Amino acid sequence: MCRHLGYLGPPAPVGELLTRGTHSLRTQSWAPNDMRHGGTVNADGFGVAWWTGAGAASRYRNAAPIWTDPAVEEVLPQLSSPAVLAAVRSATVGMPVERTACAPFTDGGWAFSHNGVIQNWRTVLPVVAKQFGSPDLLDAESATDSAALWVVLRAALDGIGALSSSFEGRSESDARLRAVAAAVSATVRAVLAQAPSARLNLLLGDGETLWATTVHHSLSVLVTDEVAVVSSEPYDDDPRWQAITDRQMVTARPGLLVVEPLDTAQPTLSAGPDESERARS
């Protein structure tokens, strides 16, 4: 499978976020703690996306192991960003090892990573795609389940405008957060309906917010008023890391953490104790 990381906070060197902590994302590529039978190392490439303002995310990817790429310490640290999404890859047997198969997958201001696998994805995802306007899966960057899933999710995200308008009594910003969470969770549920054994830890970012799901694989979050980090595994021993249980939908940004069951039809941003957790520094 894979490991991934999302960061929102004070501007930080992009390369430093890949190597931050005693159990950094780079370290997780060869010494992951909790792969849950999803492989032993993540040596089939890596990628990182970052935002420097409004607009499209920039991206760097390499099909080689992250520990072999000098750009991680020589080039990427020269770039600074308040928002980063990165992943290291463990390719499913039979799927190509190539740069275009490496997350993050991007489109405009979106960046996406999938930690998991969809069994029989060539059969499953065309059925799922019909529920989201039948996007052309041939548009996927690579012949992998993750790249094709991004095509489906991107189509689901095209509908968030209509979803936002359905959340009455909320600010425009809150309604959008809820609509994106609803689109992500609906996509996951649609895949699980066709492939109940699929592993679907998704991570989505737009430079201001991170959305994530847990289906089978591990995920932890660290959220304060200044920073929000979503990571397959904690990169250090900070006691504020929180492990996320299975089958949850996570919405995070500095000062805000919402964790709700994936089965919730329309995730909300209510501050009620049964529905959300407000992060405190």
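Residues numbered from 1 in each chain as written. Predicted model: local features only at pLDDT ≥ 70, side-chain atom pairs only at ≥ 80, totals over all residues. Heavy atoms only, no water.

### A closer look at the pairing of strand β4 (residues 80–89)
Argument step 1. Burial analysis of β4 places eight of its 10 residues in the buried class, which makes it a mostly covered element.
Argument step 2. Note that strand β1 (residues 2–13) and β4 share nine bridges and pair antiparallel. Bridge assignment links Tyr7 to a residue of β4, and that residue is Val84.
Argument step 3. Note that strand β2 (residues 46–51) and β4 share six bridges and pair antiparallel. The partner of Phe46 across the bridge, within β4, is Val88. (Buried < 20%, exposed > 50% of the residue type's maximum accessible area, 1.4 Å probe, protein only. Helix = DSSP H or I, 4+ residues; strand = E, 2+ residues; numbered from the N terminus. Pairing = 2+ DSSP bridges.)

### Brief notes about the side chain of Asp145
Argument step 1. Inspection of the secondary structure puts Asp145 in helix α5 (residues 145–157).
Argument step 2. Here Asp145 is buried and forms no salt bridge, its nearest opposite-charge partner Arg89 lying at an N-O distance of 6.3 Å.
Argument step 3. Those residues in contact with Asp145 that lie beyond four places of it in its chain are Met95, His114, Gly116, Val117, Ile118, Trp121 and Leu125. (Lys, Arg positive; Asp, Glu negative; His and termini not counted. Salt bridge = Lys/Arg side-chain N within 4 Å of Asp/Glu carboxyl O. Contact = heavy atoms within 4.5 Å.)

### Focus: the packing of α5 against helix α7 (residues 172–194)
The geometry of a pair of packed helices is captured by two quantities: the angle between their axes and the separation between those axes.
Argument step 1. At a closest axis distance of 9 Å, the pairing of α5 and α7 adopts a crossing angle of 140 degrees. Taken together, the axes of α5 and α7 are oblique relative to one another. The two elements α5 and α7 cross, and the hand of that crossing is right-handed. Between α5, through Leu149, Val152, Leu153, Ala156 and Leu157, and α7, the contact on the second element is made entirely by Val180, Ala183, Val184, Thr187 and Val191. (Axes fitted to C-alpha atoms, helices over the stretch in contact; angles between N-to-C directions. Parallel < 35°, antiparallel > 145°, perpendicular 65-115°, else oblique. Left-handed = near helix turned anticlockwise from the far one by under 90°.)

### Some remarks on the nonpolar core
Argument step 1. Grouped together as the largest cluster of nonpolar side chains are 47 residues, with contacts concentrated most on Ile118, Leu157, Leu200 and Leu204.
Argument step 2. Put simply, the parts of the chain that give this core at least two residues each are β6 (110–117), α4 (121–129), α5, α7, β7 (199–205) and β13 (256–261).
Argument step 3. Every residue in contact with Leu204, bar those within four places of it in the chain, is listed here: Leu85, Trp110, Ala111, Phe112, Trp150, Leu157, Val180, Val184, Thr209, Leu210 and Trp211.
Argument step 4. Counting 21 residues, the second-largest nonpolar core is a separate cluster that includes Tyr7, Leu76, Val229 and Tyr235. (Core = buried A, V, L, I, M, F, W, Y, C linked by side-chain atoms within 4.5 Å.)

### Quick look at α5
Since the α-helix turns once every 3.6 residues, residues separated by three or four places project in the same direction.
Argument step 1. Taking 1.5 Å of rise per residue, the 13 residues of α5 would be expected to cover 18 Å, and the 18 Å separating its terminal C-alpha atoms lies within 8% of that figure.
Argument step 2. Of all 13 residues that make up α5, 12 are buried, and the element is covered over most of its length.
Argument step 3. What α5 keeps buried is the set Asp145, Ser146, Ala147, Ala148, Leu149, Trp150, Val151, Val152, Leu153, Ala155, Ala156 and Leu157. (Expected span 1.5 Å × (residues − 1).)

### Description of the sheet that holds strand β8 (residues 210–214)
Argument step 1. In space, the six strands of this open sheet follow the order β5-β6-β7-β8-β12-β13, with antiparallel pairing throughout. What marks the edges here is a single partner per strand, and that holds for β5 (105–107) and β13. Between one strand axis and the next, the sheet turns by 15 degrees as a mean value, whatever way the strands run.
Argument step 2. With seven bridges connecting them, β6 and β7 associate as antiparallel partners. The residue bridging Asn115 from the neighbouring strand is Asn201, located in β7.
Argument step 3. Against the sheet, α5 touches β5, β6 and β7, its axis set at about 130 degrees to β6.
Argument step 4. Against the sheet, α7 touches β6, β7, β8, β12 (248–253) and β13, its axis set at about 155 degrees to β7.

### Some thoughts on the confidence of the model for the protein
Argument step 1. Overall, the prediction assigns the protein a mean pLDDT of 91, with 90% of residues at 70 or greater.
Argument step 2. Throughout residues 267–281 the model reports pLDDT below 50, and contacts reaching past four residues in sequence, or to other chains, amount to 44 contacts. (pLDDT = per-residue confidence, 0-100.)

### Comments concerning the packing of aromatic side chains
Each aromatic ring pair is characterised by the separation of its centres together with the angle its planes make.
Argument step 1. Evaluation of the coordinates by the stated rule reveals five aromatic pairs.
Argument step 2. Their ring planes at 50 degrees and their centres at 6.1 Å tell us that Phe46 and Tyr60 sit as a pair that is tilted. Linking Phe46 in strand β2 with Tyr60 in strand β3 (residues 58–62), this pair joins segments that are 14 residues apart in sequence.
Argument step 3. Exposure remark for Tyr60: the relative accessible area of 26% places this residue in the partly exposed category.
Argument step 4. Ring centres 5.2 Å apart and planes at 15 degrees place the aromatic pair Phe112 and Trp150 in the stacked group. Of this pair, Phe112 sits in strand β6 while Trp150 sits in helix α5, and the two are 38 residues apart along the sequence.
Argument step 5. Its relative accessible area of 0% is what places Phe112 among the buried residues. (Phe/Tyr/Trp six-rings, centres within 6.5 Å; stacked < 30°, edge-to-face > 60°.)

### Examining the pattern of salt bridges
Argument step 1. The final tally for this structure, using the stated rule, is 10 salt bridges.
Argument step 2. A salt bridge links Glu16 to Arg20; its shortest N-O distance comes to 2.8 Å.
Argument step 3. Using a relative accessible area of 28% as the deciding quantity, one classes Glu16 as partly exposed.
Argument step 4. Between Arg154 and Asp107 there is a salt bridge, with its nearest N and O atoms 2.8 Å apart.

### A look at the environment of Pro196
Argument step 1. The residue Pro196 is located in the loop between α7 and β7 in this model.
Argument step 2. Pro196 gets classed as exposed once you look at its relative accessible area, which sits at 57%.
Argument step 3. Pro196 sits 14 residues away from Ala182 along the chain, and the two C-alpha atoms are 19 Å apart.

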